[in-house]
Amino acid sequence: MPRKKLASAQEFQEVKYQEVLGYRDALLKPGARKVLRGNMQRLVADFDECKRLLEFLGSHTRSEIRTVLTPDERLIARACRGVRIRVDDLQRLARLNRERADFLSGKRVTPPEGADLADLLRFLSRLANPVQPKARTLKAEFIEAFNYREEGQSSGKVVTAAELAKKFMRNAYNKNQESTIRSMQAGLRRVERERKRKRSKG
């Protein structure tokens, strides 16, 4: 097999000269400062997410990590339902995912081309530190209606959702009776579930 021709010192010198010129001209562009600030913000975000993931790795066992980061197939299926994607695009996505994983594990030195590492790190960080959903605020009219119904039942009186909707949601009831009754029924169920949850905790 013939030996590959080596570049001359002059050729190498020319490439390095053009490299410096390229940086100079790029930095003189009007948008250079904006790009540099954006890159700096992304690097800070990468650092913060890497730090958060390191803290997660240090505070959980391998078994816990495996449990937290194992995807729910039903949720994945629901999220992918109706998605249209070409086979070649899907293959590129699968390859990019493998390259990202190789980069995070140390098998790959540089991040794959086209990969947004910050987005990947934020996604993993969200999985590792799930935000607890906020408790739904119960509307005052549902609480009042629930209490009114409870008082009626304690004295042997049956109070229907229609009566409660008419009494506690009069304006909405006058506009759309069926919708308001359904809303009242759902609201009563939420209040009941919340009461049961508090009793089980207490």
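Predicted model, so just to flag it, every value in this text is computed and none were measured.

Draft legend 1. Up close: helix α8 (residues 161-168). Those residues of α8 that fall on the buried side of the exposure criterion are Ala 161, Leu 164 and Ala 165. Down the axis of α8, the sector holding all buried residues measures 100°, keeping them to one side.

Draft legend 2. Looking closely at the pattern of salt bridges. Applying the stated criterion to the full structure yields 7 salt bridges. Across the pair Arg 74 and Asp 72 runs a salt bridge, and its minimum N-O distance is 3.5 Å. Residue class for Asp 72 comes out partly exposed when judged on its relative accessible area of 29%. With a closest N to O distance of 3.7 Å, Asp 102 and Lys 107 form a salt bridge. Residue classification places Asp 102 among the partly exposed residues on the basis of a relative accessible area of 27%. Residue Lys 107 is classed as exposed on the basis of its relative accessible area of 68%. Among the ionic contacts, a cluster of salt bridges with common partners joins Arg 86, Asp 88 and Arg 92.

Draft legend 3. Representation of the packing of aromatic side chains in the model. Enumeration according to the criterion identifies 1 aromatic pair in this entry. Aromatic side chains Tyr 148 and Phe 168 sit 5.7 Å apart centroid to centroid with 70° between the ring planes, which places their arrangement in the edge-to-face category. Here Phe 168 lies in helix α8 and Tyr 148 lies in helix α7 (residues 140-154), a separation of 20 residues in the sequence. Its guanidinium or amino end placed over the ring of Phe 168, Lys 167 lies 5.8 Å from that ring's centre, counting from NZ or CZ.

Conventions adopted
Residues numbered from 1 in each chain as written. Predicted model: local features only at pLDDT ≥ 70, side-chain atom pairs only at ≥ 80, totals over all residues. Heavy atoms only, no water. Buried < 20%, exposed > 50% of the residue type's maximum accessible area, 1.4 Å probe, protein only. Helix = DSSP H or I, 4+ residues; strand = E, 2+ residues; numbered from the N terminus. Arc of directions from axis to C-beta. Salt bridge = Lys/Arg side-chain N within 4 Å of Asp/Glu carboxyl O. Phe/Tyr/Trp six-rings, centres within 6.5 Å; stacked < 30°, edge-to-face > 60°. Lys NZ or Arg CZ within 6 Å of the ring centre and 35° of its normal.

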